[in-house]
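Residue-level listing of the chains:
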Amino acid sequence: MATEQALKQRSNSSCELCGSTENLSVYPVPPTSDLSAQQSIYTCQLCLSQIEGNAELDLNHWRCLNDSMWNQEPAVQVMSYRMLHKLSSESWAQDALDMIYLEDEVRTWAEQGIAAAQSNGPTRDSNGAELQEGDNVTLIKDLKVKGANFTAKQGTMVRGISLTDNPEHIEGKVNGTRIVLVAAYLKKA
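Residues numbered from 1 in each chain as written. Predicted model: local features only at pLDDT ≥ 70, side-chain atom pairs only at ≥ 80, totals over all residues. Heavy atoms only, no water.

1. Points about the layout of surface pockets
Point 1. For the largest pocket, the calculated volume is near 1,200 Å³.
Point 2. As for the largest pocket, its lining consists of 41 residues, of which Q50, G53, L57, K86 and E168 are closest to the centre.
Point 3. Those elements giving two or more residues to the lining of the largest pocket turn out to be α2 (45–51), α4 (74–86) and α6 (104–120).
Point 4. Per-element tally for the lining of the largest pocket: the top contributor is α6, with six residues.
Point 5. Split by residue class, the lining of the largest pocket holds 20 nonpolar, 13 polar and eight charged. (1 Å grid on protein atoms, 1.4 Å probe; cavity = no way out; pocket = protein on both sides within 12 Å on 5 of 7 lines; lining within 4 Å. Points joined across faces, edges and corners; volume = space filled by probe spheres on them. Helix = DSSP H or I, 4+ residues; strand = E, 2+ residues; numbered from the N terminus. Nonpolar A, V, L, I, M, F, W, Y, C, P; charged D, E, K, R; others polar.)

2. Re unusual backbone geometry
Point 1. In this structure, N12 is a non-glycine residue whose phi angle is positive, near 60°.
Point 2. Looking at the element boundaries, N12 is found in the loop between α1 (2–11) and β1 (24–28).
Point 3. Residue N12 is classed as exposed on the basis of its relative accessible area, which comes to 66%.
Point 4. A positive phi angle is found at N23, which is not glycine, with a value near 55°.
Point 5. For N23, the location among the structural elements is in the loop between α1 and β1.
Point 6. With relative accessibility at 59%, the residue N23 sits in the exposed group. (Buried < 20%, exposed > 50% of the residue type's maximum accessible area, 1.4 Å probe, protein only.)

3. A word on the sheet that holds strand β6 (residues 157–158)
Point 1. Taken in spatial order, the three strands line up as β6-β3-β10 in an open sheet, and their pairing is antiparallel. Either end of the sheet is taken by a strand with one partner, and the two such strands are β6 and β10 (186–188).
Point 2. Of the strand pairs in this sheet, strand β3 (residues 137–139) and β6 are connected by two bridges, and their pairing is antiparallel. Along β6, the bridge assignment pairs T138 with M157. (Pairing = 2+ DSSP bridges.)

Below, the structure is given as structure tokens:
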């Protein structure tokens, strides 16, 4: 209980990521949290379910990271960085990642968690279905293809995908060009 009390006081009884005051709990920041207040954050159920991958990412909800990334607590900085990294296909999140400043020790902690998450999980589409090498997928939103000067339109079928080292991305051909696509913007066909 000492950790929760310390986090309540530190956060003024609100989520340290989005500021919500409802359904709050302690989240030990992986991969090496000792369950202390210094290595944990106080977060709401909405943030927690999306951090743990139990709910689809609500892109507008995570705009709160533009504020929480400046928090003085290293654990909050780490989670802000990780979520911005997860959302890096969004221009606002990439801009925030370009601005965020982390001490070397804090950056190492943040990147350890990203590496652990990438090496653990399978690649999943927007509905949570596991994608396999050779699957066919459909785009669920228009995507601007950087460097190729075209927009991949919603509903475009990408056949025979290839998986990458990063479970958040796949490779496939769109308009005859082999590109990397964010799995969260795809639906298994």
